[in-house]
Amino acid sequence: MSPILKLILLSLTAHMALSGARITTSLYALSLQASEFTVGSMIALFSLFPMLFAVPAGRMLDRSGIARPLMASALAIVVGCALPAMIGGLAILYLATLLVGTGFMVIQVAAQHTVGVISSNEDRASNYSWLALGFSVSGFCGPVLAGFLIDHASYRTSFAAFAVSATAALVLGVIGSRPAGGFGGHEGKAAAPARQAATARNSMLDLIAGREMRRIYIVGTLLSSAWDLFTFILPIHGTRLGFSASTIGMILGCFSAATFAVRLAMPRISRRHGEWQVLSVALPLAAFCYALIPVMEQPLSLTAVAALLGIAVGSSQPNMLALLHQHAPAGRAAEAVGMRVMIGNACQVLLPLAFGGAGAALGMKAVFWSMGMLIGAGIPLAVRRDEAGLHD
């Protein structure tokens, strides 16, 4: 088994545990008569600690390697899923969310960093596409499995199943840490610059000091926000339009299927088109979709727009990660990925609050069109960089 495949499978099984535990936590807390505020605070904890500690985790990975952090993080997810399976009640859920969310964050940063290290410039975007494809599979399977187990067994059974999934990630981490055939040995490619970076006092702000890194983070944040806002706001928008829960689920399912499809095609696309070429198309397509969503009041038309948006945002992650690895300061690639994860988790915490309040005050049209204009503001950044690349 190749190191890339090990990392994809490890990330997939860990992410399945995260995505399944998140929905199981919500439904279990509601079944215990928890308030909406209580449930919201629990779900926020999945992203809060990752937001705070993603950059320090990246620094640690740059300096110490990934083998031991991967195993420790997978073990944290195992414990986080096993505790609610063995001990009932709301109190234990708070500890579980911290363990699962933080553990997965370290695995995410480590996997994304290591795929970049062990890839060549020619196949880096393609390998990141395969990694992202694994996340698409686990992001679909986790919630579906959780729903099935909750309906036909119990909440504790659901948590136990995801503890097993996390155990599979732990086993893959142990296998990958072995010198022969593992991914740990490939970290030597970045060891020397990492040791040099460790001896200097580096500020997180150094990562955005260069124009190229700022451009990458801005464009990546806009497309990540487009994804997060859609998955948060569509159920509210669909309910106001009178759609049934199954119809809303179908629309979200088509959105997820589109992200899967574009990531499946991305290895072929990346051989013909550069990263900035893809992003210069993804941004206007996402802005166009946000302009259309408020005027689409039928399920079929809204589904079509959701699929287009899925293609736009689904193509962004592999290309953003490839660009980050290319332009990160020497020895700080994992820290650069950690900052991206920090920004993504901050969006998951803040976007529901900001746009939820705006939707209540101004209406859904204002929310969608405001997001569309925000995405549109980033189009010149990507287009100018793409044109500059063509002339290099």
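Predicted model only: the values in this text are computed from it and were never measured.

Peer 1: For the overall build of the protein, give the residues involved together with the corresponding values.
Peer 2: Scanning the protein from N- to C-terminus turns up 15 helices and 0 strands. Counting every position in the protein, which comprises 392 residues, the buried fraction comes to 52%. Considering only intrachain contacts with a sequence separation of at least 6, the fraction spanning at least 24 residues in the protein is 83%. Carbon and sulfur atoms make up 67% of the accessible area of the protein, which amounts to about 16500 Å² in all.

Peer 1: Which residues make up the packing of helix H11 (residues 299-314) against helix H12 (residues 316-327), and what values do they have?
Peer 2: Running from amino to carboxyl end, H11 crosses H12 at an angle of 15 degrees, the nearest separation of the two axes being 5 Å. In terms of orientation, H11 and H12 fall into the roughly parallel class. Between H11 and H12, the contacting residues are Ala312, Val313 and Gly314 on the first element and Ser316, Gln317 and Pro318 on the second. By residue class, the composition of the contact of H11 with H12 is 3 nonpolar, 3 polar and no charged.

Peer 1: Tell me about the nonpolar core, and name the residues and values.
Peer 2: Among the nonpolar cores identified, the biggest contains 94 residues, and Ile77, Cys81, Phe230, Tyr290, Leu309 and Ile375 are the most heavily contacted of them. The element contributing the most residues to this core is helix H8 (residues 211-240), with 11 residues. Setting aside residues up to four positions removed in sequence, Cys81 forms contacts with Ala17, Ala21, Val100, Phe159, Phe162 and Ala163. Counting 8 residues, the second-largest nonpolar core is a separate cluster that includes Tyr28, Val39, Ala85 and Leu93.

Reading the values: rules and limits
Residues numbered from 1 in each chain as written. Predicted model: local features only at pLDDT ≥ 70, side-chain atom pairs only at ≥ 80, totals over all residues. Heavy atoms only, no water. Helix = DSSP H or I, 4+ residues; strand = E, 2+ residues; numbered from the N terminus. Buried < 20%, exposed > 50% of the residue type's maximum accessible area, 1.4 Å probe, protein only. Contact = heavy atoms within 4.5 Å. Areas by Shrake-Rupley, 256 points an atom, 1.4 Å probe, with all protein chains shown as cover. Axes fitted to C-alpha atoms, helices over the stretch in contact; angles between N-to-C directions. Parallel < 35°, antiparallel > 145°, perpendicular 65-115°, else oblique. Nonpolar A, V, L, I, M, F, W, Y, C, P; charged D, E, K, R; others polar. Core = buried A, V, L, I, M, F, W, Y, C linked by side-chain atoms within 4.5 Å.

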